[in-house]
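Examining the three-dimensional arrangement
Listed below are the residues making up each chain.
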Amino acid sequence: MVVGVTEISVLILAAIVAFVLYKVLKTATSLAINAVLGILTLLVAKFLLGLEIAITWVAVLVCAIGGIFGALVIIILNYLKLAFV
């Protein structure tokens, strides 16, 4: 059995693709978890803590991008009556 340059090249390419996919999916998973936690934090602040936060598409987008930090910024801005009132 002779292994040619093509087979070795495909093996190396497959290893590189697997590594890149692992990194991308790992990052995407952590971003998705952060977004869900941010939106849950916003919902907890509104419904369980009784804050009068206006849940608009902008607030959800901020929480989805910023995660828990974005939700805390929205809560602080709402508490100071500067935004999301």
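Presented here is an overview of the structure given in this document.

1. So, the environment of Ala35
Topologically, Ala35 is positioned in helix H1 (residues 5-48). In the structure, Ala35 is positioned 16 residues away from Phe19 in sequence and 24 Å away in space, judged by C-alpha atoms. The contact partners of Ala35, leaving out residues within four places of it in the chain, are Cys63 and Ala64.

2. Comments concerning the environment of Ala83
Topologically, Ala83 is positioned in the segment after helix H2 (57-79). On a C-alpha basis, the gap between Ala83 and Ile53 in space is 8.8 Å, while along the polypeptide they are 30 residues apart. With sequence-adjacent residues up to four places away left out, Ala83 is seen in contact with Leu77 and Asn78.

3. Some details on H2
The terminal C-alpha atoms of H2, which comprises 23 residues, lie only 19 Å apart, well short of the 33 Å expected from a rise of 1.5 Å per residue. For H2, every residue scored as buried is listed here: Ala59, Cys63, Gly67, Gly70, Ala71, Ile74, Ile75 and Asn78. Once H2 finishes, Lys81 follows within two positions and takes phi at roughly 60 degrees, a positive value.

4. Regarding unusual backbone geometry
Positive phi outside glycine occurs at Lys81, with the angle close to 60 degrees. Checked against the element boundaries, Lys81 lands in the segment after H2. Overall, Lys81 belongs to the exposed group, its relative accessible area being 58%.

Procedures and definitions
Residues numbered from 1 in each chain as written. Predicted model: local features only at pLDDT ≥ 70, side-chain atom pairs only at ≥ 80, totals over all residues. Heavy atoms only, no water. Helix = DSSP H or I, 4+ residues; strand = E, 2+ residues; numbered from the N terminus. Contact = heavy atoms within 4.5 Å. Expected span 1.5 Å × (residues − 1). Buried < 20%, exposed > 50% of the residue type's maximum accessible area, 1.4 Å probe, protein only.

So far we have only geometry, and geometry alone does not tell us how the molecule works.
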